[in-house]
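# Report on the structure
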Amino acid sequence: MITEVSAVNFRQNLGEMLNQVQYRSDSIVINKDGKPVAVLVDAELFARIRRMRERFDALSSRIAEAYADVPVEQGMAEIDAAVARERQPRKRQPRKRRS
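Just so we're clear, the structure is a prediction, and the values are computed from it rather than from any experiment. (Residues numbered from 1 in each chain as written. Predicted model: local features only at pLDDT ≥ 70, side-chain atom pairs only at ≥ 80, totals over all residues. Heavy atoms only, no water.)

### A few points about helix α2 (residues 14-24)
Considered for burial, the residues of α2 that qualify are Met17, Gln20 and Val21. The arc that holds every buried residue of α2, seen down its axis, measures 90 degrees, which confines them to one face. For α2, the exposed residues lying more than 90 degrees away from the buried face are Glu16, Gln22 and Tyr23. On its buried face, α2 sits against β1 (2-6), α1 (7-12), β2 (27-32) and β3 (35-40). Phi turns positive, to about 60 degrees, at Ser25, one or two residues after α2. (Buried < 20%, exposed > 50% of the residue type's maximum accessible area, 1.4 Å probe, protein only. Helix = DSSP H or I, 4+ residues; strand = E, 2+ residues; numbered from the N terminus. Arc of directions from axis to C-beta. Contact = heavy atoms within 4.5 Å.)

Take a look at the structure:
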């Protein structure tokens, strides 16, 4: 479950909210002046997020290196073409009849 609280409420109820996160795997969104500024999540989820971010950063670096010599206009044209291809409706293959 995700709960939203104000920063003041969070400060006043820190112990209870830590228990919610630790024992129920809840997440707490902390708002300041009505805007989200932080999220309290359990340590296991944070570790997974960190690993995903590291993999994403590594993949982004590999892609950037692979396209380092490609002019921006050409790269954007390739991306636009790939997106357009993927958005085209796919034709369904007719099902084969069993005899």
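### A word on the sheet that holds β1
Here three strands make up an open sheet; going across it, the order is β1-β2-β3 and the pairing mixed. Of all the strands in the sheet, the pair left with one neighbour each is β1 and β3. Each adjacent strand pair in this sheet contributes to an overall mean axis angle of 30 degrees, direction not counted. The sheet contact formed by β1 and β2 spans five bridges and is parallel. Residue Ile2 lies in a different strand from β2, and its bridge partner there is Ser27. (Pairing = 2+ DSSP bridges. Axes fitted to C-alpha atoms, helices over the stretch in contact; angles between N-to-C directions.)

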